[in-house]
Amino acid sequence: MATRKTRKKPNISPEELKHYYHDMLLIRRFEEKAGQLYGMGLIGGFCHLYIGQEAVVVGLEAAAEKGDKRITTYRDHGHMLACGMNPDGVMAELTGREGGYSKGKGGSMHMFSKDMHFYGGHGIVGANVPLGAGLAFADKYLGSDRVTFTYFGDGAANQGQVYETFNMAALWQLPVIFVIENNQYAMGTAQNRSTSTPDIHTRGQAFGIPGEAVDGMDVLAVKEAGQKAVDHCRSGRGPYILEVKTYRYRGHSMSDPAKYRTRQEVQKVREEKDAIEHVKDLLLAGKHASEGELKDIDKKIKEIIAKSAEFAKTSPEPNTSELFTDVYTAA
């Protein structure tokens, strides 16, 4: 069996390490349960799981402050949980129930939380990027020091509207962090078959936007890079690009058999680079937690997820009177 590559020892407290472990494991267990519910026919439509990419959002949320905003694409459940949204409401929305964050009308790709400053999952590839710049523009206009995290994938990085947004964000010095979640495959197309450059963050150079590539399978590396990007934006120096190189273990969506890559490739990443196992190793090696304590954390998380699934199953479907609410139109 392959062994995980050694990474530098962290300058971080045991409590923070446990927090990252908990949050990443919460996302993974939630997504595993969502996959089960989808297979049972309780979740309809599209469902894109975040399994494997947990370190990205957990690391960046560790660098965020209260009031900062986030907006992302369709692979969004992890972002919701990482920013503090309730698993009950997220799961209920996935199953189209009244107790969901969008009253059961948005589903996997369209739920929001004003309280948590989460401005959606968006189903159209790249369409959320200019919206993220708009959120950052609002903060600049209002004179706040808030930052917006705008997430999109390696496939979306080839969309024209992304570069229009880069231009405007640089021109107006907007406090927006463009987070490219490069999971190596745009749906089923490998990056080297869809993208002319090996590094995507360098495309910001034409607009004067600084950026860097980050190991997205290392939550500590993501947090460190995220803090650098946040400091840059919050100091009034304009946008920043983070290309977070990560990997999804499941297919593009639940309907994708992922035949464009081998099982051996996926297993190799799991064995050598899994983000959750990396933090687990750090906790055990540093004697910050025992195997028993980590099993207890997992047990409690599974109880939380089981409760959220039960809440989703028992929450009523939306009343027909909700059909025309929250729609900007005159009757």
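Here is what the cut-offs are and how they apply
- Residues numbered from 1 in each chain as written.
- Predicted model: local features only at pLDDT ≥ 70, side-chain atom pairs only at ≥ 80, totals over all residues.
- Heavy atoms only, no water.
- Helix = DSSP H or I, 4+ residues; strand = E, 2+ residues; numbered from the N terminus.
- Expected span 1.5 Å × (residues − 1).
- Polar contact = N/O pair within 3.5 Å; in protein donor to acceptor, adjacent residues only side chain to side chain.
- Patch = residues over 30% accessible without salt bridge, like charges linked within 9 Å, V, L, I, M, F, W, Y side chains within 5 Å.
- Areas by Shrake-Rupley, 256 points an atom, 1.4 Å probe, with all protein chains shown as cover.
- Salt bridge = Lys/Arg side-chain N within 4 Å of Asp/Glu carboxyl O.
- Buried < 20%, exposed > 50% of the residue type's maximum accessible area, 1.4 Å probe, protein only.
- Axes fitted to C-alpha atoms, helices over the stretch in contact; angles between N-to-C directions.
- Parallel < 35°, antiparallel > 145°, perpendicular 65-115°, else oblique.
- Left-handed = near helix turned anticlockwise from the far one by under 90°.
- Contact = heavy atoms within 4.5 Å.
- Nonpolar A, V, L, I, M, F, W, Y, C, P; charged D, E, K, R; others polar.
- Pairing = 2+ DSSP bridges.

Student: Hey, could you run me through helix α8 (residues 219-234) in this one?
Tutor: One turn of an α-helix holds 3.6 residues; hence residues three or four places apart share an orientation. Over its 16 residues, α8 runs 22 Å from end to end, which matches the ideal 22 Å to within 8%, given 1.5 Å per residue. A distance of 3.0 Å separates the backbone nitrogen of L220 from a side-chain oxygen at the start of α8, and that oxygen is part of D218. Two residues or fewer past α8, G236 is found with a positive phi of approximately 90°.

Student: Teacher, can you tell me more about a nonpolar patch on the surface here?
Tutor: Together, F137, Y141, L142, M168, L171 and W172 make up an exposed nonpolar region whose accessible area comes to about 730 Å². Where the nonpolar patch is concerned, the elements lending two or more residues are α5 (128-142) and α6 (160-171). With 3 residues, α5 is the largest single contributor of residues to the nonpolar patch. As for its position among the elements, M168 is in helix α6. The exposure class of M168 is partly exposed, given its relative accessible area of 39%.

Student: Can you help me understand the packing of helix α4 (residues 87-94) against helix α11 (residues 291-314) in this one?
Tutor: One way to put it is that α4 packs onto α11 with a least axis distance of 8 Å and a crossing angle of 45°. When the interaxial angle is binned, α4 and α11 end up oblique. Judged by the sense of rotation from one axis to the other, the crossing of α4 with α11 is right-handed. In contact with P87, D88, M91 and A92 of α4, α11 contributes I304, I305, K307, S308, A309, F311 and A312. Counted by class, the contact of α4 with α11 contains 8 nonpolar, 1 polar and 2 charged residues.

Student: Can you walk me through the side chain of D298 in this structure?
Tutor: Relative to the elements of secondary structure, D298 occurs in helix α11. Relative accessible area serves as the criterion here: at 14%, D298 is assigned to the buried category. With near-sequence residues (within four places) excluded, D298 lies in contact with L25 and R29.

Student: For this particular structure, what's the right way to read the sheet that holds strand β3 (residues 176-182)?
Tutor: Adjacent strands of a sheet pair through backbone hydrogen bonds, lying either parallel or antiparallel. Taken together, 5 strands build an open sheet; the order of strands is β1-β2-β3-β7-β6 and the sheet is parallel. Sheet topology places β1 (69-71) and β6 (211-215) at the edges, where each strand pairs with a single neighbour. Across the sheet, the axes of successive neighbouring strands diverge by a mean angle of 20°, strand direction being ignored. In the sheet, β1 pairs with strand β2 (residues 148-153) via 3 bridges, with the strands oriented parallel. Residue K69 lies in a different strand from β2, and its bridge partner there is T148. Running over the sheet, helix α2 (residues 54-61) touches β1, β2, β3 and β7 (240-245) and is turned about 170° from β2. α5 contacts β1, β2 and β3 of the sheet and is inclined by roughly 170° relative to β2.

Student: Help me understand the pattern of salt bridges in this model?
Tutor: A side chain with one charge may pair with a side chain of the opposite charge, provided their charged atoms come close. Applying the stated rule across the entire model yields 23 salt bridges. Note that R146 is salt-bridged to D68, the shortest N-O span being 3.1 Å. You can see R146 sitting in the loop between α5 and β2 and its partner D68 sitting in the loop between α2 and β1, a full 78 residues away along the chain. We note that R146, like D68, is buried. Residue D326 pairs with K103 through a salt bridge whose shortest N-O separation is 3.3 Å. In this pair, D326 is assigned in the segment after α11 and K103 in the loop between α4 and α5, connecting sequence segments 223 residues apart. Within this structure, E65, D68, D145, R146 and R234 form a network of salt bridges that share partners.

Student: Explain the environment of K228 to me, please; I cannot follow it from the model alone.
Tutor: The topology assignment puts K228 in helix α8. Using a relative accessible area of 48% as the deciding quantity, one classes K228 as partly exposed. Between the C-alpha atom of K228 and that of L49, which follows or precedes it by 179 residues, the distance is 28 Å. Apart from residues no more than four positions distant in its own chain, K228 is found in contact with E212 and Y240.

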